[in-house]
Each structure stands twice: as C-alpha cells, then as structure tokens.
Amino acid sequence: MTTFRNVFRAELLKLRKSPIWLLALISPALTSLVALLESGGADGDGPWIGALSTAALLHGLLFLPLLSGVFAAFVCRFEHVGGGWKQLLALPVSRGSVYLSKFAVVMGLLLATQLLLLAGLLLAGAIRGWPSPIPWDALAQSLLGGWAACLPIAALQLGASALWQSFAAPLALNVVFTLPSILIANSETYGPWYPWAQPALATIPWAAESFGAFEAPYGKLMLVVAGSFVLFFAAGFAYFSRKTA
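Note that the coordinates shown come from a computational prediction; the quantities given were computed from them, not determined experimentally. (Residues numbered from 1 in each chain as written. Predicted model: local features only at pLDDT ≥ 70, side-chain atom pairs only at ≥ 80, totals over all residues. Heavy atoms only, no water.)

Visitor: Is there a simple way to explain the overall build of the protein in this structure?
Guide: A tally of regular secondary structure across the protein gives 11 helices and 0 strands. Walking the protein from its N terminus toward its C terminus, one meets helices and strands in the order α-α-α-α-α-α-α-α-α-α-α. The 245 residues of the protein split such that 48% are buried. Considering only intrachain contacts with a sequence separation of at least 6, the fraction spanning at least 24 residues in the protein is 78%. (Helix = DSSP H or I, 4+ residues; strand = E, 2+ residues; numbered from the N terminus. Buried < 20%, exposed > 50% of the residue type's maximum accessible area, 1.4 Å probe, protein only. Contact = heavy atoms within 4.5 Å.)

Below you can see the structure in the form of structure tokens.
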C-alpha cells in the first residue's frame, strides 16, 4: 500500500499550479489592511488587541469558514473530472490514506492562511509603530485557536465535496451556513455550538471586553469544537470508506 506521505505529496503536486494558493492571500491581505487603517484598539486594550478583534470579525467570521469550504472543494475537484475517483481508488492505496491526505491538505492551506495573517498583522504593527512588546501569547491563542476551530467545518465540507460531483454545490451549502453566523455568533446560547461561528469565537482576543457568545469559556468552546470535529470527520470517513465512484 502506498504510504500516507506519498499520497500527501501527490495531493500537493495536484495543487502546485492551481490558483488556490492565491486564495490564501486574500483574507490576510484585507484583514491586515483594515487593521492598518484603524487607529485605536478594542475598548482601550491597545492596537494589537484591536487588530485581533478585527481579525475575528472579518477573517474569523466570514473568510475562514468560506475558505474551509473552498479548499475542501478544490482537493476533490480533480477526482470528480473524467472518472478520477475510479482511477484513484483502483490504485494500491488505502482509502484512509487518501481521505486523511486530502484533509491534511485542507488544514495545511488554512494554517498557511493563518501564518500569512500573522505576517500581515506584524507588518501593519511595524508600519504604524504599535507599541512593544508584541503580545505573542494573544496572537498565538487567537490565530491557532481560529485554525483549530476550522476542523469541524473542514471535515464536514470535505465529506460533502467527496459526496457531490458538483463543485458549486458544497460551496453553496457553505455560504448558506456561513451568512447566519454573523447573527448566531452573538448568541451566548447557540453561538459556541454553531460550527461556522466557532472560528470567530476562537479568534476573538479573550483579554478584550466581549459580549454574547464571545463570553463563552475558551475551554468549553474548544471542547465543543473537538466533539463536532470527531462527529463530522467520522461520518465523512465512513462514507468515503464505502465510496464506489
């Protein structure tokens, strides 16, 4: 059987000349630009916390959920063309390695997006002369937390992308569920349980004054994220294990 490493490298080669890499630049660039143009912090917490609040509301609430769906659709797009699934699954590769490698690529692209956002915020801080020291703990918790909170959406979208041959169908589904998160994120009752609101809730700087679902305990939020991820990934993996075309 082909190892996971070889399957993962093959997935990366498929995307090497794809414009998908440019998509990882859009949200960090826009979010960093907004942070650069803003002058103050969030409720007196300073420009760094203000930048993270901007990242939560723009990047975490809108772009991260959408990118999770776009990346998942892209990694399945090649197999939906010309009977690609039959050709791939006929090779001496385990279905587990194929599915895990595709999921790893999606999460790797999201991690690259987060690292680009970090670079953009640091550049904005250097240009505007934001005060030192840089709050590395807050940056790490917000950006890594936002990335981890994408696990359930990525798992759900990968399963949907493997199920539907249409490239647009899983993306439309993702948009339909992303837009209501703008309102649901403000609900202390429902926000932490809604997967499309979780990236924003995990990105918001917890040192800043919060409201609604943004007051939910960080540990509780991550526990809900972990449970949702296990459920969605298991469902998608079970379907893929029985996939015939």
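Visitor: Explain the nonpolar core to me, please; I cannot follow it from the model alone.
Guide: Nonpolar side chains in soluble globular proteins generally cluster together in the buried interior. In this structure, Phe-71, Val-75, Phe-103, Val-106, Leu-110, Leu-158 and Phe-240 are the most contacted members of the largest nonpolar core, which totals 33 residues. At the level of secondary structure, the elements contributing two or more residues to this core comprise α1 (4-15), α2 (20-37), α3 (47-77), α4 (84-89), α5 (95-128), α7 (151-163) and α11 (218-241). Per-element tally for this core: the top contributor is α3, with 9 residues. In contact with Leu-158, other than residues within four places in its own chain, are Ala-72, Val-75, Cys-76, Tyr-99, Lys-102 and Phe-103. In this structure, Ala-35, Ala-51, Ala-55 and Leu-143 belong to the second largest nonpolar core, which totals 12 residues. (Core = buried A, V, L, I, M, F, W, Y, C linked by side-chain atoms within 4.5 Å.)

Visitor: I tried to follow the pattern of salt bridges on my own but got confused; where do I start?
Guide: Any two side chains of opposite charge can pair if their charged atoms end up close together. Taken as a whole, this structure holds 2 salt bridges when the rule is applied. Residue Lys-14 is joined to Glu-11 by a salt bridge in which the shortest nitrogen-to-oxygen separation is 3.3 Å. One end of the pair, Lys-14, and the other, Glu-11, are both in helix α1, 3 residues apart, so they sit about a helical turn from each other. Judged by relative accessible area, which is 28%, Lys-14 ranks as partly exposed. With its nearest N and O atoms 3.1 Å apart, the salt bridge here joins Glu-11 to Lys-102. Placement of Glu-11 in helix α1 and of Lys-102 in helix α5 is noted, with a sequence separation of 91 residues between them. Take Lys-102: its relative accessible area is 1%, and that puts it in the buried class. Overlapping salt bridges, with partners in common, bring together Glu-11, Lys-14 and Lys-102 in one network. (Salt bridge = Lys/Arg side-chain N within 4 Å of Asp/Glu carboxyl O.)

Visitor: Before we go on, may I ask you to explain the environment of Leu-58 in this structure?
Guide: Structurally, Leu-58 is set in helix α3. Assessed through its relative accessible area of 24%, Leu-58 is described here as partly exposed. For Leu-58 and Pro-28, which are 30 residues apart along the polypeptide, the C-alpha to C-alpha distance reads 9.9 Å.

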